[in-house]
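The lines below spell out each chain.
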Amino acid sequence: MYPMQGLLLLFDDFTPFQACLRLAMSSPEIASLSWGHMKVKGSPTAYKDCKVWPGGSRPWDWRETGTEVPSITLDYIKSKGVDVKVLQTEKAVREYNSLASQGARVGGIFHSTC
C-alpha cells in the first residue's frame with residue numbers, strides 16, 4: 001500500500017479524436033497549495049483535497065477510497081499504459097504543473113493535509 005499524498009496519472013493519446021480533445025481539454029494547473037487549501041486555475045471553488053484531469057477538477061473526499069493506493073491498483077493502471085507516480089503532495093503538485101504546462105494530458109489526486 002502506498003500512502004495517498006499526490007497520485008499523478010499521465011495519459012497518452014490513443015486516437016486522432018483524443019488528440020483533438022487534448023487541444024480542447026487541457027489539464028488545469030494547480031494555482032496554489034497550502035495546508036488544507038488548494039486552488040485550481042479556472043475553478044471558482046477552493047478545495048481541501050481534489051481530483052484534477054484534462055478538462056476539469058472536483059473535490060476529493062478521501063473517505064471515498066481511503067488514503068492508501070494498493071499495489072494491485074497501481075499495477076493495473078500501469079498495465080493499461082498509464083504512467084503513475086505517487087509523490088509527497090508538494091512534489092506531486094510541482095510535477096503535475098510542470099507536465100500540465102507542457103500540454104501533457106495529466107490527472108491527479110491530491111491530499112493537501114499530508
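All values derive from a computational prediction rather than experimental measurement.

(A) Expanded view of the side chain of Ser 27. Positionally, Ser 27 belongs in the loop between α1 (16-24) and β3 (30-34). A polar contact is formed between the side chain of Ser 27 and the backbone oxygen of Ala 104, at a distance of 3.5 Å. From its side chain, Ser 27 meets the backbone oxygen of Val 106 in a polar contact 2.7 Å long. Every residue in contact with Ser 27, bar those within four places of it in the chain, is listed here: Trp 53, Pro 54, Tyr 96, Ala 100, Ala 104, Arg 105 and Val 106.

(B) Representation of the pattern of salt bridges within the structure. Tallied over the full model, the rule gives five salt bridges. Across the pair Glu 64 and Arg 58 runs a salt bridge whose closest N-O atoms are separated by 3.3 Å. Here the salt bridges share partners, and the residues they tie into one network are Lys 51, Arg 58 and Glu 64.

(C) Just helix α3 (residues 89-101), in detail. Here α3 spans 18 Å end to end across 13 residues, near enough to the 18 Å set by a 1.5 Å rise per residue. What α3 keeps buried is the set Thr 89, Ala 92, Val 93, Tyr 96, Asn 97, Leu 99 and Ala 100. Seen end-on, α3 carries its buried residues on one side only, within an arc spanning 165°. Looking one or two residues past α3, Gly 103 carries a phi angle of roughly 85°, positive in sign.

(D) Spotlight on the pairing of strand β7 (residues 56-59). As defined by bridge partners, strand β6 (residues 49-53) adjoins β7 across four bridges and the pair is classed as antiparallel. In the sheet register, Trp 53 faces β7, and the bridge partner there is Gly 56. Taking the residues that link successive antiparallel strands as the turn, the β6-β7 hairpin has two residues, and the phi of Gly 55 there is positive, at about 100°.

Parameters and conventions
Residues numbered from 1 in each chain as written. Predicted model: local features only at pLDDT ≥ 70, side-chain atom pairs only at ≥ 80, totals over all residues. Heavy atoms only, no water. Helix = DSSP H or I, 4+ residues; strand = E, 2+ residues; numbered from the N terminus. Polar contact = N/O pair within 3.5 Å; in protein donor to acceptor, adjacent residues only side chain to side chain. Contact = heavy atoms within 4.5 Å. Salt bridge = Lys/Arg side-chain N within 4 Å of Asp/Glu carboxyl O. Expected span 1.5 Å × (residues − 1). Buried < 20%, exposed > 50% of the residue type's maximum accessible area, 1.4 Å probe, protein only. Arc of directions from axis to C-beta. Pairing = 2+ DSSP bridges.

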